[in-house]
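# Observations on the model geometry
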Amino acid sequence: MTKEQYLCNLQPPKGPVDVVIDTDAGESYLEMDDQFAIAYLLGFPQFTVKAIYTAIHEDPTPAMTAMTDYLLTYAGRKDLCDVVIPGAKRTMPDETTPVSSPASEHLVKLARQYSPSNPLYVLAMAPIDNIASALLLDPSIAENMVVVWLGGHTPSWKDTNEYNMASSFAAARAVVLSSVPYVQIPCMGLTDSFIFPYAELKKRLFGTPLCDYLLDLTYRTLMNFEGPTGSRILWDVTVVSWLLNADNRFMETVIRPSLLPGYDGQYEDSSDQKPCALAVKLHIPAMTEDLFNRLQGR
């Protein structure tokens, strides 16, 4: 891949593209934001979902059941049930040893069908072992993909001990050290501002079975934490927002050397790392309006 093409692929696509989703969207109390993100993505006909991979820590059975029986049904996309594919059963032991799984093997075969000028977009909303393993199984697929990952915190944050990243520092390092074009959307210091009180969600989510389902999921989640007066951060929605970010509509990014996660919970900041796109500012009002309009089918 040329340098010009690599930098081009760090910009949001302008037309129809194929995507895969790597998610821990099982109907657990911590992962409701995955379901919001997937529902949002499915509202855009220009995105063709080729596969949904279940994340490393997720027992594939409840993850598949939740998505196929609930989310995909309410979103009117039961056709995707056949492409929900289980991921690895354990984390990578180190940054050079892949953990093969149906998901990583599927990604290898799928990515070979693409090219630098027509890449596959990998939307990562979970620990990233499936993707890292695919890149290690066949490094040549790196130039055929763009990885967009919600992982880590902002460079100014005190550490990198964010769940998706800290669950497998080895996998995170493998992705950064590979040659794949990489977009990082940090959590604390950026995405934590995309937060909604339950009262606002109740006001905005109505009119469709999908909205009713997402609101019920939010209510049951909050009842296990702070109760219906609480709020939830819709972390993973920002991954989809980047895909729609033509003309910096939803966020601002900078091109800079990648931040390599250290095993000590700190970034190893080096000018020698490959360039990445790092999200640095969210346009919350625009993101909010588009999310709720799309979930309501508008």
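Now for a quick tour of the structure.

As a rule of thumb, nonpolar side chains are buried together in soluble globular proteins. Of all hydrophobic cores here, the largest spans 60 residues; its most connected members are Leu 41, Leu 205 and Leu 295. Apart from residues no more than four positions distant in its own chain, Leu 295 is found in contact with Phe 36, Ala 39, Tyr 40, Leu 205, Thr 208, Leu 210, Cys 211 and Leu 214. Listed in part, the 40 residues of the second largest apolar core include Val 99, Tyr 114, Ala 171 and Cys 276.

For Val 180, the location among the structural elements is in the loop between helix H7 (169-177) and strand E6 (182-185). Each C-alpha atom of the pair Val 180 and Glu 200 lies 38 Å from the other, and the pair is 20 residues apart in sequence. Among residues more than four places away in sequence, those in contact with Val 180 are Tyr 6, Leu 135, Ala 142, Met 145, Val 147, Val 175 and Lys 274.

This next bit is on the packing of aromatic side chains. Within the structure shown, the criterion is met by six aromatic pairs. Ring plane angle 75° and centroid distance 5.3 Å describe the contact between Tyr 40 and Phe 44, whose orientation is recorded as edge-to-face. Note on accessibility: Tyr 40 and Phe 44 belong to one class, buried. When the ring of Tyr 74 is compared with that of Tyr 213, the centres are 5.2 Å apart and the planes differ by 20°; the resulting orientation is stacked. One end of the pair, Tyr 74, is in helix H3 (residues 60-74); the other, Tyr 213, is in helix H9 (residues 209-223), with 139 residues separating them in the sequence. Classification of Tyr 74 as partly exposed rests on a relative accessible area of 38%. Pairwise contacts between aromatic rings join Tyr 40, Phe 44 and Phe 47 into one cluster.

Here we take up helix H11 (residues 284-295). The terminal C-alpha atoms of H11 lie 16 Å apart, and with 12 residues this matches the ideal 16 Å at 1.5 Å per residue to within 8%. Where H11 is buried, its residues meet helix H2 (32-41), strand E7 (195-197), helix H8 (198-204), H9, helix H10 (237-243) and strand E12 (275-282).

On to the sheet that holds strand E5 (residues 145-150). Sheet architecture is open: eight strands sit in the order E3-E2-E1-E4-E5-E6-E12-E9, paired in mixed fashion. The sheet is open, and its two borders are formed by strand E3 (84-85) and strand E9 (251-257), each paired with just one other strand. Relative to E6, E5 is paired through four bridges, and the arrangement is parallel. Bridging from a neighbouring strand, Trp 149 pairs with Gln 184 of E6.

Once that is clear, we can look at the pattern of salt bridges. As enumerated under the stated definition, the model contains seven salt bridges in all. A salt bridge links Arg 173 to Glu 268; the nearest nitrogen and oxygen atoms lie 3.2 Å apart. Taken together, the residues Arg 173 in helix H7 and Glu 268 in strand E11 (residues 267-269) connect sequence positions 95 residues apart. One salt bridge in this structure joins Asp 216 and Arg 220, with 2.9 Å as the shortest N-O distance. Within this pair, Asp 216 and its partner Arg 220 are both found in helix H9, separated by four residues, close to a single helical turn. Given the relative accessible area of 37%, Asp 216 is considered partly exposed. Taking the relative accessible area as the measure of exposure, Arg 220 reaches 30% and is therefore partly exposed.

A few words now on the pairing of strand E2 (residues 47-54). Burial of E2 is extensive: six of the eight residues sit out of reach of the surface. The pairing of strand E1 (residues 17-23) with E2 spans seven bridges and is parallel. Directly across from Val 17, in E2, lies its bridge partner Phe 47. Note: E2 against E3, two bridges, orientation parallel. Across the sheet, Ile 52 pairs through a bridge with Val 84, a residue of E3.

Now for the packing of H2 against H9. Axes are the key here: two packed helices are described by the angle between their axes and the distance separating the axes. Look at H2 against H9: their axes get within 10 Å of each other, and the N-to-C directions meet at 165°. With respect to H9, the axis of H2 lies roughly antiparallel. As for how H2 packs across H9, the hand of that crossing is left-handed. Facing Met 32, Gln 35, Phe 36 and Ala 39 of H2, the residues of H9 in contact are Leu 210, Tyr 213, Leu 214, Leu 217, Thr 218 and Thr 221.

What counts and what doesn't
Residues numbered from 1 in each chain as written. Predicted model: local features only at pLDDT ≥ 70, side-chain atom pairs only at ≥ 80, totals over all residues. Heavy atoms only, no water. Core = buried A, V, L, I, M, F, W, Y, C linked by side-chain atoms within 4.5 Å. Buried < 20%, exposed > 50% of the residue type's maximum accessible area, 1.4 Å probe, protein only. Contact = heavy atoms within 4.5 Å. Helix = DSSP H or I, 4+ residues; strand = E, 2+ residues; numbered from the N terminus. Phe/Tyr/Trp six-rings, centres within 6.5 Å; stacked < 30°, edge-to-face > 60°. Expected span 1.5 Å × (residues − 1). Pairing = 2+ DSSP bridges. Salt bridge = Lys/Arg side-chain N within 4 Å of Asp/Glu carboxyl O. Axes fitted to C-alpha atoms, helices over the stretch in contact; angles between N-to-C directions. Parallel < 35°, antiparallel > 145°, perpendicular 65-115°, else oblique. Left-handed = near helix turned anticlockwise from the far one by under 90°.

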